[in-house]
Amino acid sequence: MASTSPVDASAAVSLRGVTKHYGAVRAVDGVDLDIVRGEIFGLIGHNGAGKSTLFKMMLGLEATTAGSIVLGGAPVRGRGFRAARRHIGYLPENVVLYDNLSGLETLHFFARLKHAPLEQCPGLLERVGLAHAGKRAVREYSKGMRQRLGFAQALLGTPQVLFLDEPTNGLDPQAIRDFYATLRTLQAGGVTVVITSHILAELQERVDRLAIMANGLIQALGSVQTLREQTHMPLVFDLILDAGDFAPIAQALQDATGESAEAVPGGLRLACPRTHKMAVLAALAPFGGRVHDLALREPSLEDVFFGFSD
């Protein structure tokens, strides 16, 4: 069924009723989505959930079976998209480069394809930490260096929307930190980032909003905190106590929350609804220094993901 919601022309990317069928297979099955200008937006899902197909349709690489996509104010299948796509950057999951070209020659090649100024290329190599390797042949690059070179080509032409598919594949921890710092700098300049990753812990603190896909549909949409609240997953309190205080503190917690605390080495563990958080703290207050330490654990993005997609 076609969506009746109007396309949001002010959004960086706006989808209405987007569908992609391969015979009887419904890879994407009627997606409505608005990605706000200047946000870092995550798209996650199991293999086969439809996210890669959706990604390709937003880029204009796959035709929709039905529905509409507007990117940068231009319909993706319309005449104006040719000009709009020059303001799009794309880093595919599997970066394919020409081994016999140097890093700088590679950027020159992509710059000509994109009608971007060649003068950008040395600065982009420096931005991704490859200035020292710009004259080396790509065949000598490690996997992480190839990934950084792929990111540099995505930044050619000063894009306003960046599509990044598994962008930290092969990067070491420092390079991952530098990559996300670059994304925040780009975001501060108004760039919209759409990112997919299987490394959910990496996205957890780094996206403004995300969508969880399953069976060709968006099952959940919002910030990580919003999705935590929607799943009604418990908070977990870990308390470090002396053994003699286990019983009275466990009783106080049960009186306050109706939940039983579990004895664990060195203390107690309590899982309870989010709405009981302040009641737990109030119940512990009379015990003062008898509670040696307290750790509060929120559901991780991985917990949230499985809560929606299972």
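Residues numbered from 1 in each chain as written. Predicted model: local features only at pLDDT ≥ 70, side-chain atom pairs only at ≥ 80, totals over all residues. Heavy atoms only, no water.

S.K.: Explanation requested: the layout of surface pockets in the structure shown.
M.R.: Space left empty within the atom packing is revealed by a probe, the size of a water molecule, rolled over the atoms. Roughly 500 Å³ of internal volume is contained in the largest pocket. Around the largest pocket sit 15 residues that line it, and Arg85, Arg86, Ile88, Leu113 and Lys114 are the ones nearest its centre. Counting only elements with at least two residues in the lining of the largest pocket, the list comes to strand S6 (88-91), helix H3 (103-114) and helix H5 (143-154). Taken together, the residues of the lining of the largest pocket break down into 8 nonpolar, 3 polar and 4 charged. (1 Å grid on protein atoms, 1.4 Å probe; cavity = no way out; pocket = protein on both sides within 12 Å on 5 of 7 lines; lining within 4 Å. Points joined across faces, edges and corners; volume = space filled by probe spheres on them. Helix = DSSP H or I, 4+ residues; strand = E, 2+ residues; numbered from the N terminus. Nonpolar A, V, L, I, M, F, W, Y, C, P; charged D, E, K, R; others polar.)

S.K.: What's the story with the pairing of strand S13 (residues 267-272) in this structure? I'm lost.
M.R.: Regular strands place their side chains on alternate faces of the sheet. Taken together, the 6 bridges between strand S11 (residues 235-241) and S13 define a ladder with antiparallel strand orientation. The residue of S13 that forms the bridge with Leu235 is Cys272. Looking at chain direction, strand S12 (residues 262-264) and S13 are connected through 3 bridges and run antiparallel. Within S13, the residue paired with Glu262 across the bridge is Arg269. A loop of 2 residues connects S12 with S13, the two strands running antiparallel in sequence, and Gly266 in this loop sits at a positive phi of about 90°. (Pairing = 2+ DSSP bridges.)

S.K.: Would you explain the UniProt feature "domain: ABC transporter" (unreviewed entry) in the protein chain in this entry?
M.R.: Under the UniProt annotation, "domain: ABC transporter" (unreviewed entry) lies at residues 13-240. Between the C-alpha atoms that bound residues 13-240 there is a distance of 48 Å. The span itself is 32% helix and 29% strand. (UniProt positions renumbered as here; feature names shortened; annotations may be inferred.)

S.K.: What is the right way to look at the packing of helix H9 (residues 246-257) against helix H10 (residues 277-284) in this model?
M.R.: Packed helix pairs are specified by the crossing angle of their axes together with the interaxial distance, meaning the distance between the axes. H10 packs onto H9 with a crossing angle of 145° between their chain directions and a minimal axis gap of 9 Å. Taken as a pair, H9 and H10 cross one another with a handedness that is right-handed. Of H10, the residues touching H9 (which contributes Ile249, Ala252, Leu253, Ala256 and Thr257) are Ala279, Val280, Ala283 and Leu284. Of the residues in the contact of H9 with H10, the class split is 8 nonpolar, 1 polar and no charged. (Axes fitted to C-alpha atoms, helices over the stretch in contact; angles between N-to-C directions. Left-handed = near helix turned anticlockwise from the far one by under 90°. Contact = heavy atoms within 4.5 Å.)

S.K.: What is the right way to look at the side chain of Thr106 in this model?
M.R.: By the secondary structure assignment, Thr106 is in helix H3. Those residues within four positions of Thr106 in sequence are excluded, and the remaining contacts are Leu97, Tyr98, Leu101, Val138 and Leu149.

S.K.: Sorry, what's going on with the packing of aromatic side chains here?
M.R.: Note on aromatic pairs: each is described by the distance of the centres and the angle between the planes. For the structure shown, the criterion picks out 7 aromatic pairs. One aromatic cluster is present, built from ring pairs that chain together Phe55, Tyr90 and Phe163. (Phe/Tyr/Trp six-rings, centres within 6.5 Å; stacked < 30°, edge-to-face > 60°.)

S.K.: Which parts of the structure should I look at to understand the side chain of Arg209?
M.R.: Mapped onto the elements, Arg209 comes out in strand S9 (residues 209-214). In this structure Arg209 touches Asp34, Ile35, Val36, Glu39, Ile40, Phe41, Gly42, Leu221, Gly222 and Ser223, once residues within four positions along its chain are discounted.

S.K.: Honestly, the pattern of salt bridges in this entry has me stumped. Any pointers?
M.R.: Proximity of charged atoms lets side chains of opposite charge pair with each other. Under the defined criterion, the tally for this structure stands at 11 salt bridges. In this structure, Arg16 engages Asp34 in a salt bridge whose closest nitrogen and oxygen atoms are separated by 2.8 Å. With Arg16 in strand S1 (residues 13-22) and Asp34 in strand S2 (residues 25-35), this pair connects stretches of sequence that are 18 residues apart. Look at Arg16 and you get buried, because its relative accessible area is 10%. (Salt bridge = Lys/Arg side-chain N within 4 Å of Asp/Glu carboxyl O. Buried < 20%, exposed > 50% of the residue type's maximum accessible area, 1.4 Å probe, protein only.)

S.K.: Just to check I follow, could you spell out the sheet that holds S6 for this structure?
M.R.: The pairing of strands in a sheet comes from backbone hydrogen bonds and takes either a parallel or an antiparallel form. A sheet is described by the order of its strands in space; here 6 strands give the open sequence S6-S7-S8-S3-S9-S10, paired in mixed fashion. The outermost strands of the open sheet, each flanked by one partner alone, are S6 and strand S10 (217-222). Here the average twist between neighbouring strands, direction ignored, is 15°. Strand direction decides the pairing type here: strand S7 (residues 161-165) and strand S8 (residues 192-196), joined by 5 bridges, are parallel. Residue pairing for S8: Leu162 is matched across the bridge by Val193. Sheet strands in contact with helix H8 (residues 224-231) are S9 and S10, and its direction is about 110° off that of S10.

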